[in-house]
Each structure stands twice: as structure tokens, then as C-alpha cells.
Amino acid sequence: MSVAELETIRRLKLPIKIIMVADNSYGLIKQRQYEAFGDRVGVDFTNPDFKHLARAFGFNYVPVRSEKDLKKA
């Protein structure tokens, strides 16, 4: 939910792989708002360019668009 985690991973040199699902919203929060209030607010947004974000922190970036891509990644 923020880039602070990326900084911590890089600084501590942690052996972590990150898999991101970009759905342009806080999907679970959106669902809960609909259930509770019949509407939602403040949960849809645009995403940054994840390739540039990953590289800004010194990570490799491998886009995955299919199961085949995931196996290669």
C-alpha cells in the first residue's frame, strides 16, 4: 500500500520476491463498502509505472500477463 516496504526490502537486502496484482482499486475495501453502504468512495485510482518504480529501488521487473509468463519469471 506504500513504497516504504520496498525501501525496507532494499536496505535490509531481504531475499523477497514481490508479486503485484494491479486492479486499480482497493478491491476488498470496495467490496466491503458496497456491502455495508451500497456504494463506495475513495477506492479507485491509477497506478504508477511499476517498471520504473521497481527500477527506482534497484529491483528487477518482470511483467506477467499469463500463466506462461509467470512460469518464465
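Throughout what follows, the structure given in this document is the object of discussion. (Residues numbered from 1 in each chain as written. Predicted model: local features only at pLDDT ≥ 70, side-chain atom pairs only at ≥ 80, totals over all residues. Heavy atoms only, no water.)

### Examining a nonpolar patch on the surface
A cluster of nonpolar side chains, namely Leu-12, Leu-14, Ile-16, Ile-18 and Met-20, defines an oily patch on the protein surface of about 460 Å² accessible area. Mapped onto the elements of the fold, Leu-14 is located in the loop between helix 1 (4–12) and helix 2 (27–37). The class of Leu-14 is partly exposed, set by a relative accessible area of 35%. (Patch = residues over 30% accessible without salt bridge, like charges linked within 9 Å, V, L, I, M, F, W, Y side chains within 5 Å. Areas by Shrake-Rupley, 256 points an atom, 1.4 Å probe, with all protein chains shown as cover. Salt bridge = Lys/Arg side-chain N within 4 Å of Asp/Glu carboxyl O. Helix = DSSP H or I, 4+ residues; strand = E, 2+ residues; numbered from the N terminus. Buried < 20%, exposed > 50% of the residue type's maximum accessible area, 1.4 Å probe, protein only.)

### Focus: the pattern of salt bridges
Applying the stated criterion to the full structure yields five salt bridges. Between Asp-44 and Arg-40 there is a salt bridge; the shortest N-O distance is 3.1 Å. Assessed through its relative accessible area of 36%, Asp-44 is described here as partly exposed. Note that Lys-71 and Glu-67 form a salt bridge whose closest N and O atoms lie 3.7 Å from each other. In this pair, Lys-71 and Glu-67 are both assigned in helix 4 (residues 67–72), four residues apart and thus about one turn of the helix distant. Comparing Lys-71 with Glu-67 shows no difference in burial state: the two are exposed. Each of Lys-30, Arg-40 and Asp-44 takes part in salt bridges that share partners, so that together they form one network.

### Considerations on unusual backbone geometry
If you check the backbone angles, Lys-13 has positive phi at about 55° while not being a glycine. Structurally, the position occupied by Lys-13 is in the loop between helix 1 and helix 2. Despite not being glycine, Asn-24 shows a phi value in the positive range, around 60°. Following the sequence through the fold, Asn-24 ends up in the loop between helix 1 and helix 2. Among the residues examined, Asn-24 registers a relative accessible area of 39% and is labelled partly exposed.

### Digging into the packing of aromatic side chains
All told, the structure shown has one aromatic pair when counted by the stated rule. Both rings, one in Tyr-26 and one in Phe-45, keep their centres 5.0 Å apart while their planes meet at 55°; by these two values the pair is tilted. Within this pair, whereas Tyr-26 is found in the loop between helix 1 and helix 2, its partner Phe-45 is found in the loop between helix 2 and helix 3 (50–56), the two being separated by 19 residues in sequence. Exposure remark for Phe-45: the relative accessible area of 32% places this residue in the partly exposed category. A cation sits over an aromatic face here: Arg-10 above Phe-59, 4.5 Å from the ring centre. (Phe/Tyr/Trp six-rings, centres within 6.5 Å; stacked < 30°, edge-to-face > 60°. Lys NZ or Arg CZ within 6 Å of the ring centre and 35° of its normal.)

All we've got here are geometric facts, nothing functional implied.
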